[in-house]
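Listed here are the chains, written in short residue letters.
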Amino acid sequence: MKDLNIKNDWTVLELQNLYDLPFNDLLWKSHELHRKYHNPNEIQISTLMSIKTGGCPEDCKYCSQSIRYDTDINLEKTLPLIDIIKQAKDAKESGATRFCMGAAWRNLTQSNLKKVKEMVKEVKSLGLETCVTLGMLSDTQAQELKEVGLDYYNHNLDTSEEYYKKVVTTRTYQDRLDTLQHVRDAGVKVCSGGILGLGEGNIDRIKLIQVLANLNDHPESVPINRLVKVEGTPYFDNFEVDEFDFIRVIALARIAMPKSYVRLSAGRDTMNEQMQALCFFAGANSVFYGEELLTTKNSTIAHDRELLKKLKINTMRDSTDVDVDKKTKKLKDIGDQIVGNYKKERVRLVAYSQGIEKEIIRCKNNSKTNRLEYFQDYASSFEEYFGSLKNRFNV
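Residues numbered from 1 in each chain as written. Predicted model: local features only at pLDDT ≥ 70, side-chain atom pairs only at ≥ 80, totals over all residues. Heavy atoms only, no water.

Draft legend 1. Region of the structure containing the packing of aromatic side chains. Across all of its chains, the model carries two aromatic pairs by this definition. Relative to Phe244, the ring of Phe23 lies with its centre 5.2 Å away and its plane at 85 degrees, an arrangement referred to as edge-to-face. On the criterion of sequence distance, the pair formed by Phe23 in helix α2 (residues 23-37) and Phe244 in helix α9 (residues 243-256) is long-range, its members being 221 residues apart. For Phe244, a relative accessible area of 45% corresponds to the partly exposed category. Consider the rings of Tyr164 and Tyr173, whose centres lie 5.2 Å apart with planes at 70 degrees: the pair is edge-to-face. (Phe/Tyr/Trp six-rings, centres within 6.5 Å; stacked < 30°, edge-to-face > 60°. Helix = DSSP H or I, 4+ residues; strand = E, 2+ residues; numbered from the N terminus. Buried < 20%, exposed > 50% of the residue type's maximum accessible area, 1.4 Å probe, protein only.)

Written out as structure tokens, the structure reads:
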């Protein structure tokens, strides 16, 4: 039966009407759907690491890593694999279930693809989900990444198609959509969202959600970023995004893409606890852990843990650990019951076996050969049964 809440034919007017609802009505609608498709008291934790910083030839007006702007970011080489593995292990220890690796490239070259494939395999072997954001991607490159176990590919649309040309001129909106299609066709999960604070209007934010929600399959992960203003970039003096407008976009994303994970991404360190709590209520259920996102500040892990504790929100790993503990206890109880039943059965069978031995002796005295052979076989089968139980339960 078709799920009527999942649709891929949203109109701008439909989303505009939702966005313009009274604030409490909008959050009520989004929270109802959030509670239907997700645990409202659980969030997914990701960690984002820059594996290659600076030197990007693109002219994204918000980005500190573009070579076109005078920022404090220095050009660095691709990090060695051993450093990446260490950070992935640290991320897992801190509670992350997904490790994301980002590189300041316009597109992925074959030489870099070989390096990234090794990174994906090593991180995957740690029991973490893998995600990369590497710029534009061909269909064959997407397939190669899928073959080594890549789970997610991040490629944000940033804003509406109409406003995009004011943000970036070195690539087109269609370039972004083509890469998303290559990722989807390869069977890799899509991570795609946008940035609020680029100077766009509310209509551009609504149209961004419309494009994402009208893809043939909704992105599994939808990061919503609040612009981190970096000195030296053209957008350093942009106005701050209104808190309630930001929360409305979170709610709209949840309504339009009910099953997706909506992530509070960059800029979270500028949000107070009350704003983050409202975002979680509106439908956000994923965050980045770590004090740095690529080259920008992020909320500290200690602060995040304290906030989640106040809200009584578990991370996915915490919830999984609780489930495992419950299942382990249940299995132990079942095991104890089996062993207890075995011991009781053993007493009963021993008594029964002793009765058989007496019957065998009686049969011998009466020279009833056929009956004797029957009871001897029966006694032997009991002996084998005892042995198998003893080996199975180690008792």
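Draft legend 2. Structural view of a negative patch on the surface. There is a patch of like negative charges on the surface, built from Asp70, Asp72, Glu231 and Asp237. Tracing the backbone shows Asp237 in the loop between β7 (221-226) and α9. (Patch = residues over 30% accessible without salt bridge, like charges linked within 9 Å, V, L, I, M, F, W, Y side chains within 5 Å. Areas by Shrake-Rupley, 256 points an atom, 1.4 Å probe, with all protein chains shown as cover. Salt bridge = Lys/Arg side-chain N within 4 Å of Asp/Glu carboxyl O. Lys, Arg positive; Asp, Glu negative; His and termini not counted. Charge placed at Lys NZ, Arg CZ, Asp CG, Glu CD.)

Draft legend 3. Here's a closer look at the pairing of strand β9 (residues 284-289). Of all six residues that make up β9, six are buried, and the element is covered over most of its length. Where strand β1 (residues 42-52) meets β9, four bridges bridge the pair, whose relative direction is parallel. Looking at the pairing, Ser46 lines up with Phe288 of β9. Across three bridges, the pairing between strand β8 (residues 261-264) and β9 is parallel. Residue pairing in the sheet places Arg263 in a bridge with Ser286 of β9. In this fold, the crossover linking β8 to β9 by way of helix α10 (residues 273-282) has right-handed handedness. (Pairing = 2+ DSSP bridges. Right-handed = clockwise from strand over helix to strand, strands pointing away.)

Draft legend 4. Quick look at the pattern of salt bridges. Applying the stated criterion to the full structure yields 17 salt bridges. The residue Lys117 makes a salt bridge to Glu144 at a minimum N-O spacing of 2.9 Å. Of the two residues, Lys117 is situated in helix α4 (residues 110-125) and Glu144 in helix α5 (residues 139-147); the sequence distance between them amounts to 27 residues. A salt bridge links Arg205 to Glu200; the nearest nitrogen and oxygen atoms lie 2.7 Å apart. As far as burial versus exposure is concerned, Arg205 and Glu200 are alike and both buried. Beyond isolated ion pairs, a larger network of salt bridges with shared partners links Lys7, Asp9 and Glu14.

Draft legend 5. Inspection of the confidence of the model for the protein at higher detail. In the predicted model, the protein carries a mean pLDDT of 84, and 77% of its residues have values of at least 70. Throughout residues 319-325 the model reports pLDDT below 50, and contacts reaching past four residues in sequence, or to other chains, amount to two contacts. (pLDDT = per-residue confidence, 0-100. Contact = heavy atoms within 4.5 Å.)

Draft legend 6. Representation of the packing of helix α1 (residues 12-19) against helix α8 (residues 202-213). Contact geometry for α1 and α8: axes closest at 10 Å, N-to-C directions at 120 degrees. As the angle between them shows, α1 and α8 are arranged oblique. Remark: the crossing between α1 and α8 carries right-handed chirality. Residues Val12, Leu15, Gln16 and Tyr19 of α1 form the contact with α8, whose own contacting residues are Asn202, Ile203, Arg205, Ile206, Lys207, Ile209 and Gln210. When the residues that make up the contact of α1 with α8 are grouped by side-chain class, the tally is six nonpolar, three polar and two charged. (Axes fitted to C-alpha atoms, helices over the stretch in contact; angles between N-to-C directions. Parallel < 35°, antiparallel > 145°, perpendicular 65-115°, else oblique. Left-handed = near helix turned anticlockwise from the far one by under 90°. Nonpolar A, V, L, I, M, F, W, Y, C, P; charged D, E, K, R; others polar.)

Draft legend 7. Here's a closer look at the environment of Asp245. Positionally, Asp245 belongs in helix α9. Leaving out residues up to four positions away in the same chain, Asp245 has contacts with Tyr19, Asn202 and Arg205.

Draft legend 8. Geometry of the packing of α8 against α9. Relative to each other, α8 and α9 sit at 20 degrees, their axes nearing to 10 Å. Relative to α9, the element α8 is oriented roughly parallel. The crossing of α8 and α9 is right-handed. The residues of α9 that touch α8, namely those facing Asn202, Arg205, Ile206, Ile209 and Ala213, are Asp245, Val249, Leu252, Ala253 and Ala256.

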